[in-house]
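# Observations on the model geometry
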There are 4 protein chains.
Amino acid sequence: MMPNKAAVLYAVHDLRIEQRPIPDPAPGEVLVEMRSVGVCGSDVHYYNEGRIGSFVLDSPTIMGHESSGVVVGLGEGVDTLQVGDRIALEPGVPCGTCMQCRSGRYNLCPYVKFFASPPVDGAFVQYLTINQHFAYPVPDTISDDAAALMEPFSVGIWACRKAGVSAGASVLIAGAGPIGVMALQAARVFGATDVVVTDTNTYRLERAISLGADRVIDVSGEDDLSTQLTADIFIECSGAPHALTQGMKCLSPAGVAVAVGMASADDLLVPMAVMQSKELTLTGTFRYANTYPIAISLAAAGRVDLDACVTGHYSLEETEAAFMASKSDPTVLKSVVRPNEV
Amino acid sequence: MMPNKAAVLYAVHDLRIEQRPIPDPAPGEVLVEMRSVGVCGSDVHYYNEGRIGSFVLDSPTIMGHESSGVVVGLGEGVDTLQVGDRIALEPGVPCGTCMQCRSGRYNLCPYVKFFASPPVDGAFVQYLTINQHFAYPVPDTISDDAAALMEPFSVGIWACRKAGVSAGASVLIAGAGPIGVMALQAARVFGATDVVVTDTNTYRLERAISLGADRVIDVSGEDDLSTQLTADIFIECSGAPHALTQGMKCLSPAGVAVAVGMASADDLLVPMAVMQSKELTLTGTFRYANTYPIAISLAAAGRVDLDACVTGHYSLEETEAAFMASKSDPTVLKSVVRPNEV
Amino acid sequence: MMPNKAAVLYAVHDLRIEQRPIPDPAPGEVLVEMRSVGVCGSDVHYYNEGRIGSFVLDSPTIMGHESSGVVVGLGEGVDTLQVGDRIALEPGVPCGTCMQCRSGRYNLCPYVKFFASPPVDGAFVQYLTINQHFAYPVPDTISDDAAALMEPFSVGIWACRKAGVSAGASVLIAGAGPIGVMALQAARVFGATDVVVTDTNTYRLERAISLGADRVIDVSGEDDLSTQLTADIFIECSGAPHALTQGMKCLSPAGVAVAVGMASADDLLVPMAVMQSKELTLTGTFRYANTYPIAISLAAAGRVDLDACVTGHYSLEETEAAFMASKSDPTVLKSVVRPNEV
Amino acid sequence: MMPNKAAVLYAVHDLRIEQRPIPDPAPGEVLVEMRSVGVCGSDVHYYNEGRIGSFVLDSPTIMGHESSGVVVGLGEGVDTLQVGDRIALEPGVPCGTCMQCRSGRYNLCPYVKFFASPPVDGAFVQYLTINQHFAYPVPDTISDDAAALMEPFSVGIWACRKAGVSAGASVLIAGAGPIGVMALQAARVFGATDVVVTDTNTYRLERAISLGADRVIDVSGEDDLSTQLTADIFIECSGAPHALTQGMKCLSPAGVAVAVGMASADDLLVPMAVMQSKELTLTGTFRYANTYPIAISLAAAGRVDLDACVTGHYSLEETEAAFMASKSDPTVLKSVVRPNEV
């Protein structure tokens, strides 16, 4: 039997490398040899806290949901893929029949099975199976890493779609972390012409410039951004206290704010008097829907540089080190685990 | 010279009846003999506080912006109205050339001249002039009072349009005051089939039932509405503390909240964790745009009963009594001043 | 064994009553005893022509897709229904995973199995099985006939949604047949205040008045409707030659036309010069998506009178007579077969 | 007195160079010294036919509506511009108060005064006046020619907005003439990743490639494009017979077609059977609204190359030669007149 190593999270700060059986693909599924798996803040959050909101790690679970691989086996009835296809994996498979699914909002499906949301296993593993319709072939011009990063890029695309970013829009993005730079790149391909990114980490701000930001602002100790800029759209990717209110105050009349970053508090203050007088809109986002084909088209057309976001590679055995990389080093943006490399 | 009495607010609790000259209509304007002028909470707020947010009463100003009348004079070039036409007056005349106006959002025009927003005079007066394009003829089936109430009905229509109320929607409305009942009637004509109205005033809740609410809830001492109901759309018309958060927690996935009521605080708490996981949207509203033709069509077609909202009539000299009517009597909903009746 | 009679179409004008085995519900399916099945123009079209466009009757097929029944058996895992539930059947079950399904446009799913689209069997039968998610419980206030008519009412709702009918809209509907009167009733519940219906059958025009039309026009020999009326929205339900062009010429600037009726020709003339100068929009419609819950809510709330559209009842054995009813009698609107009545 | 030469069209093939008085700017207007004026197909059409649809040349009129210049005089109350500002001129000034204007559709204003729509004079003149709000300052990075071409670029932007072009869309454009290449460049900045352009002129197809088309197709003698490509969006810019039907047949389900090119016939055939089964939408376009700020932002950000579309320069005296340039030379795309150069 071929080995199938996995990095399994048992409890807070208890991540173990284990052998798992290689699964058989069910009808309609493919078996995938994993190539690149990005480390997301949510993986690290489970590792540190054992939960995210109402999702609780109460049984050992494989983390990881930003992933790419190669098809190495086909279940019965698979007709959209062949062995050898390089694929990006969309990590959430919805039910397809509930009212949310039928309305095109499958990201809100209450029955979705989403990688690395306990108890559903994720992608830090050598082999896994997935429904063929959530495994998207990518052309050779897209690297394994870039294929894995279709997931966070989808978050950026979704934020731009929810916000209605269109040609000529001015966009403020709070947070130049892994999601912020995805929102930045997405905003540019949606046609935004004035994209301002804020953060308190100067390394990240410099990288934002190199990835296409028209302007960056170090908001360390900044109280009132609205004297410095006006934006049609605000995408909150920092999760930082006050960032939401601070950003919304920069919006033009009829402006739109989209919250992507998860704040630690359940309730947040919004500038309601300004929201009223300017008719602002605030929308939450939860994952994404129908973004993978778009993300792949944009990457294949060379409109974005996803590889430039990767700052380190790790073997599966080094997954824990990958989780901790960003803690000590402010230059780390996106760490990638290669489950089938040594 | 004909008399032209006006109720002029000089300062907090200082409302005086004065004689003003009857104005000459400028080119494109008509002279209007006023028939009905509704008392709005904002009139009373200026009377009690001398300001609303950034709008400050710093010179004597005539209040009143819910009004109807009869055309009695025509300025040069008027071509849409004739002497004798009964009209509803849209109280805000925007500039027509700024970016907000050109985008169809004339309610956000920074140059708008809006009745009873100091220093612009309003409608508690016997005669005034208005741009012909903001004076809408009404058929005889619409009473003078109903014609005046096109203004608050416009607020209800605007809330429903911003919220996207459509056929089969379930709608929660917080507050059964003059705006809440307008939102209620608007929601029904937009096709909502399950409209729930909350308040703490039992008279108002009973009236909401008679005006078409499918259900009412007395929220005195109520903490968690979300165990009792789910709604696609939430229209906040109460301005009450906690009402926004309480209502938003009742929303279905992809639900929309619209804030109409003005809270006393500039910043309000929103349930951001819920907004994220359900992808809720919150929108502020500021007045309305392009609603008068719709409001008049609906009233003319008998789809709403605006007269049923009127609970008392006053002469111009009694304007101050009209302002105070709702303070002592919980059954008062909408008081109407008749400037040209004794 | 219980009998399970079906009306099976073998070929043009060859409809046979046969015994079929009662099917076993597969996992997730329910067994339904049929109550009411409406005769649709498409059933009659297959009976007369043996095909509709690219859909060809090349094997014996049971017609009928407007239906209601009672749940009499449950497949494994059914959790949304119980034996005894009265239901409306949505006749098209899509795949749930293709790009159209995931985008909320499941009516465009290329893999949909739709009742009475050869070779998929339909509803003129005593017992059939259906996926539980496409069987919608109805309250007792909704009759069996009305439950069956959720299907054509869905067509009317879909037309209004595609057209963006909203409160205060003026709507022109061409054709007062079974679909036209559904569009009429839908337009009213979406808030339209000025609904004009055209036809050449005076019985149908009279019925349109009784079902809520504000005005009807007999277009026998009528060439240019645009001198008589202007509409924001035009819903073509007649399939008649010239009706599309004639109706579009009545539209206001930025008006929307929706084609529901199927014309006999593949290509039709549109008034492109007018479409350009007024920026008109024309949209095709194909079935409907996400309409059943709305349709049921509206019927349950008493906003529409679907029973008033039924003009005759037939037993299963009389299905052929039901098909031919409208041919000879201009007062016939909707014939209903009751498969389990004698 | 300074000279003010103009190229005035008196009748078919009767274009005269005349001296006109330099106008005084009215209140709110600026006096502009013209720099670049593009020749549009509509100018040439008036020159050759004396009319376009219902617009008839019945008095001598100055043609030209794609223009840029420098502010050299200020009317009373001008507060958004200064002498010396380089500007792009939006050629249509709407009324600002009609229902179309108030709804944000000022391009449909029945009272608009549009350059070179008889009897309103246009831009082939040395000096003219314009409302300050329709004179947009441009930065030095935008050339005079590019500033003039904001007008046809606006047509391209408008087509993309009406079509809903967004990131990852595939777009088919029929016609690689001056409007086609503007639609092409606009589609790319709106995020389209697969843009196919068709024409029968090989010079134009080559230029389309250099301006960013992903693929071009020579449709000389081509009957059925749909076997070669599928597109989400189709923008008809050719006005050629059959192009509309041919392009619409290439659309994916739920696809959108936008007609920009003016065909010679008032009525055109559309593939209605396909429109029904795929729920396609077809929209006409008329000029544009709210595009100039976007067009200028995009050009200033270097997202488009408008100068590359200019193929020849002419003095005012050579206006007639500019009109005829494209007739004999298939490589001509956009000719530009410089009214104040010799």
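Just so you know, these numbers come straight off a predicted model, no measurement behind them. Every residue gets a number counted from 1 within its own chain, in the order that chain's sequence is written. The naming scheme follows written order: chains are lettered A onward, ligands numbered 1 onward. pLDDT decides what is reported in this predicted model: residues at 70 or higher carry local features, side-chain atom pairs at 80 or more are listed and counted, and totals for whole chains, interfaces and linings draw on all residues regardless. Note that the side-chain values use all heavy atoms of the structure and ignore hydrogens as well as water.

### Digging into the overall build of chain A
Note the threshold: Going along the chain from the N terminus, every DSSP run of H or I of four or more residues is numbered as a helix, and every run of E of two or more is numbered as a strand. For this measure, only C-alpha atoms enter the radius of gyration; the expected value for a globule follows 2.2 Å times N^0.38, where N is the number of residues. Burial classes follow relative accessibility: with a 1.4 Å probe on protein chains only, a residue under 20% of its type's maximum area counts as buried, one over 50% as exposed, and anything between as partly exposed. The contact criterion used throughout is that any non-hydrogen atoms of two residues lie within 4.5 Å.
Of regular secondary structure, chain A possesses 10 helices and 21 strands. Relative to a compact globule of 342 residues, whose C-alpha radius of gyration would be 20 Å, chain A shows 20 Å and is just as compact. Projected onto its principal axes, the C-alpha coordinates of chain A cover approximately 65 × 40 × 35 Å. Expressed as a percentage of the 342 residues in chain A, the buried residues total 60%. Long-range contacts, defined as pairs at least 24 residues apart, comprise 69% of the intrachain contacts of chain A with a sequence gap of at least 6.

### Regarding the pairing of strand 21 (residues 334–338) of chain B
Looking along a regular strand, one sees the side chains alternate between the two faces of the sheet. Residue and element names in this part refer to chain B. Stated formally: Here the rule is simple: two strands pair whenever DSSP picks up at least two bridges between them.
For strand 21, a buried count of 5 out of 5 residues is recorded, marking the element as mostly surrounded by other parts of the structure. Residues Lys-334, Val-336 and Arg-338 point to one face of strand 21 and Ser-335 and Val-337 to the other, with burial holding for every one of them. Two strands pair when backbone bridges link them, and strand 3 (residues 29–38) and strand 21 are joined in this way by 2 bridges, in the antiparallel orientation. The residue of strand 21 that forms the bridge with Gly-38 is Val-336. In terms of strand pairing, strand 20 (residues 310–315) meets strand 21 through 5 bridges, oriented parallel.

### Notes on the sheet that holds strand 1 (residues 5–11) of chain C
All names here are of chain C. Spatially, the 3 strands line up as an open sheet ordered 2-1-6, and their pairing is antiparallel. Both outer strands of the open sheet, strand 2 (14–19) and strand 6 (61–62), are each paired with one neighbouring strand and no more. Here strand 1 runs beside strand 6; their pairing, made up of 2 bridges, is antiparallel. The residue bridging Leu-9 from the neighbouring strand is Thr-61, located in strand 6.

### Here we look at the confidence of the model for chain A
The line we're drawing: In predicted models, pLDDT denotes the confidence assigned by the predictor to each residue on a 0 to 100 scale.
Across chain A, pLDDT averages 96, with 99% of residues at or above 70. Interface predicted TM-score (ipTM) for the complex: 0.96; the corresponding pTM is 0.97.

### Thoughts on the packing of aromatic side chains
Rule in force here: Centres within 6.5 Å make a pair out of two Phe, Tyr or Trp rings, where for Trp the six-membered ring is used; the pair is then stacked when the planes are under 30 degrees apart, edge-to-face when over 60, and tilted otherwise. A ring is scored as having a charge over it whenever the NZ atom of a lysine or the CZ atom of an arginine sits within 6 Å of its centre and within 35 degrees of its normal.
The full count for this structure, using the stated rule, is 20 aromatic pairs over all chains. The interplanar angle of 85 degrees and the centroid separation of 5.6 Å between the aromatic rings of Tyr-47 of chain B and Phe-323 of chain B together place this pair among those described as edge-to-face. Highlighted residues: Tyr-47 of chain B in helix 1 (residues 41–49) and Phe-323 of chain B in helix 10 (residues 319–328), separated in sequence by 276 residues. When sorted by exposure, Tyr-47 of chain B lands in the same class as Phe-323 of chain B, which is buried. Connected via pairs of aromatic rings, a cluster forms that spans Tyr-47, Phe-124 and Phe-323 of chain A. When the ring centre of Phe-114 of chain A is taken as origin, the NZ or CZ atom of Arg-287 of chain A, which lies over that ring, is 3.8 Å away.

### Considerations on the interface of chain A and chain B
Interface extent is often summarised as the accessible area lost during association of the parts. Rule in force here: We define buried area as the total accessible area lost by two parts upon association, computed with a 1.4 Å probe and summed across both. In the sections that follow, a salt bridge refers to a side-chain nitrogen of Lys or Arg positioned within 4 Å of a carboxyl oxygen of Asp or Glu. Throughout, the ten residues Ala, Val, Leu, Ile, Met, Phe, Trp, Tyr, Cys and Pro are labelled nonpolar, Asp, Glu, Lys and Arg are labelled charged, and all others, Gly among them, are labelled polar.
With 35 residues of chain A at the contact, the number on the chain B side is 35 residues. When chain A packs against chain B, the two sides together hide about 2,700 Å² of surface, and 56% of this comes from carbon and sulfur. Across the chain A-chain B interface, the total number found is 2 salt bridges. Residues Glu-279 of chain B and Lys-162 of chain A are paired through a salt bridge, measuring 3.0 Å at the closest nitrogen-oxygen approach. At the level of secondary structure, the elements contributing two or more residues to the side of chain A that touches chain B comprise helix 4 (150–163), helix 7 (243–248), strand 17 (251–259), strand 18 (268–270), helix 8 (272–278) and strand 19 (281–284) of chain A. Broken down by class, the residue content of the side of chain A that touches chain B amounts to 18 nonpolar, 10 polar and 7 charged.

### A look at the interface of chain B and chain C
Here is the rule we go by: Any pair of N or O atoms that falls within 3.5 Å is considered a polar contact. Within protein, one atom must be able to donate a hydrogen and the other to accept it, and sequence-neighbouring residues count only if both atoms are side-chain atoms.
Contacts between the two partners involve 14 residues from chain B, matched on the other side by 14 residues from chain C. In total, about 1,100 Å² of surface goes out of reach between chain B and chain C, with carbon and sulfur atoms giving 53% of it. Three residues, Ala-167, Thr-193 and Arg-303 of chain B, lead the burial of chain B against chain C; their summed loss comes to 43% of the area buried on that side. Our count for the chain B to chain C interface comes out at 0 salt bridges. Our count for the contact surface shared by chain B and chain C stands at 2 residue pairs in polar contact (both at pLDDT 80 or more). Put simply, the parts of the chain that give the side of chain B that touches chain C at least two residues each are helix 5 (178–189) and helix 9 (292–300) of chain B. With 3 residues, the single largest contributor to the side of chain B that touches chain C is helix 9 of chain B. The class makeup of the residues in the side of chain B that touches chain C is 7 nonpolar, 5 polar and 2 charged.

### Some words on the pattern of salt bridges
All names here are of chain A. For the coordinates displayed, the defined rule picks out 51 salt bridges over all chains. Of the charged contacts in the structure, one is a salt bridge between Arg-16 and Asp-14, with a shortest N-O distance of 2.9 Å. Given a relative accessible area of 37%, Arg-16 falls into the partly exposed group. Beyond isolated ion pairs, a larger network of salt bridges with shared partners links Glu-33, Arg-35, Arg-86, Asp-140 and Asp-144.

### A word on the relation of the copies chain B and chain C
Condition: The copies are overlaid by a least-squares fit using only the C-alpha atoms of residues whose pLDDT is at least 70 in both copies.
Structural alignment of chain B on chain C gives an RMSD of 0.0 Å, achieved by rotating through 180 degrees and translating 0.0 Å along the axis. In the structure described here, the two chain copies are related by an operation that fits a two-fold rotation axis. Across chain B, the rotation axis passes nearest the C-alpha of Phe-190 of chain B, at a separation of 2.8 Å. Both copies contact each other with a shared surface, as 100% of the interface residues of chain B are interface residues in chain C too.

### Some thoughts on the packing of helix 4 (residues 150–163) of chain C against helix 5 (residues 178–189) of chain C
Residue and element names in this part refer to chain C. To be explicit about the condition: Orientation is described by axes fitted as lines to C-alpha atoms, over the contacting stretch for helices, and by angles from 0 to 180 degrees between their N-to-C directions. Any angle that is under 35 degrees is reported as roughly parallel, and any over 145 degrees as roughly antiparallel; angles of 65 to 115 degrees are reported as roughly perpendicular and all others as oblique. Crossing handedness is read from the near helix: turned anticlockwise from the far helix by less than a right angle, it gives a left-handed crossing, and turned clockwise, a right-handed one.
Interhelical geometry of helix 4 versus helix 5 gives an angle of 55 degrees and a closest axis separation of 8 Å. Of the possible angle classes, the one that applies to helix 4 and helix 5 is oblique. Between helix 4 and helix 5 the crossing geometry is right-handed. Across the interface between the two elements, Pro-152, Phe-153, Val-155, Gly-156, Ile-157 and Cys-160 from helix 4 touch Ile-179, Met-182, Ala-183, Ala-186 and Ala-187 from helix 5.

### Focus: the sheet that holds strand 16 (residues 231–236) of chain B
Strand order in the open sheet formed by 12 strands is 15(A)-14(A)-13(A)-16(A)-17(A)-19(A)-19(B)-17(B)-16(B)-13(B)-14(B)-15(B), with mixed pairing between adjacent strands. Strand pairing shows two members of the sheet lacking a second neighbour, strand 15 (215–218) of chain A together with strand 15 (215–218) of chain B, which therefore form its edges. Each strand of the sheet is rotated relative to its neighbour by a mean of 15 degrees, with strand direction disregarded. Note that strand 13 (residues 170–174) of chain B and strand 16 of chain B share 4 bridges and pair parallel. Along strand 16 of chain B, the bridge assignment pairs Ala-174 of chain B with Glu-236 of chain B. Lying over the sheet, helix 4 of chain A contacts strand 16 (231–236), strand 17 and strand 19 of chain A, oriented at roughly 145 degrees with respect to strand 17 of chain A.

### A short note on the side chain of Gln-246 of chain D
Position of Gln-246 of chain D relative to the elements: it lies in helix 7 (residues 243–248). By relative accessible area, Gln-246 of chain D is classed as buried at 15%.

### Thoughts on the side chain of Ser-117 of chain A
Within the element layout of this structure, Ser-117 of chain A appears in the loop between strand 10 (113–114) and strand 11 (127–131). Contact partners of Ser-117 of chain A, with chain neighbours within four places excluded, come to Tyr-46, Phe-55 and Arg-287 of chain A.

### Overview of helix 4 (residues 150–163) of chain D
Residues and elements named next belong to chain D. As a reminder of what qualifies: Multiplying 1.5 Å by the residue count of a helix minus one yields the expected span of that helix.
Compared with the 20 Å implied by 1.5 Å per residue over 14 residues, the 19 Å span of helix 4 between its first and last C-alpha is a close match. Buried residues dominate helix 4, accounting for 12 of its 14 residues. Within the sequence span of helix 4, burial applies to Met-150, Glu-151, Pro-152, Phe-153, Ser-154, Val-155, Gly-156, Ile-157, Trp-158, Ala-159, Cys-160 and Ala-163. Remark: Gly-164 follows helix 4 within two positions and exhibits a positive phi of approximately 70 degrees.

### Considering the environment of Ala-123 of chain B
Residue and element names in this part refer to chain B. Structurally, Ala-123 is set in the loop between strand 10 (113–114) and strand 11 (127–131). Here Ala-123 falls in the buried class, since its relative accessible area comes to 0%. For the pair Ala-123 and Arg-16, spaced 107 residues apart in sequence, the C-alpha separation works out to 14 Å.

### A few points about the domain arrangement of chain A
Residue and element names in this part refer to chain A. Our working definition: The domain boundaries here were taken from an automatic or database domain assignment.
Splitting chain A by domain gives domain 1 (4–149 + 306–338) and domain 2 (156–284). Each of domain 1 and domain 2 has a C-alpha centre, and these two points are 28 Å apart. Buried surface at the junction of domain 1 and domain 2, both sides included, amounts to about 940 Å², of which 66% is carbon and sulfur. Our count for the contact surface shared by domain 1 and domain 2 stands at 0 salt bridges. Between the two partners, domain 1 and domain 2, sit 3 residue pairs in polar contact (both at pLDDT 80 or more). Classifying every residue of the side of domain 1 that touches domain 2 gives 7 nonpolar, 3 polar and 1 charged.

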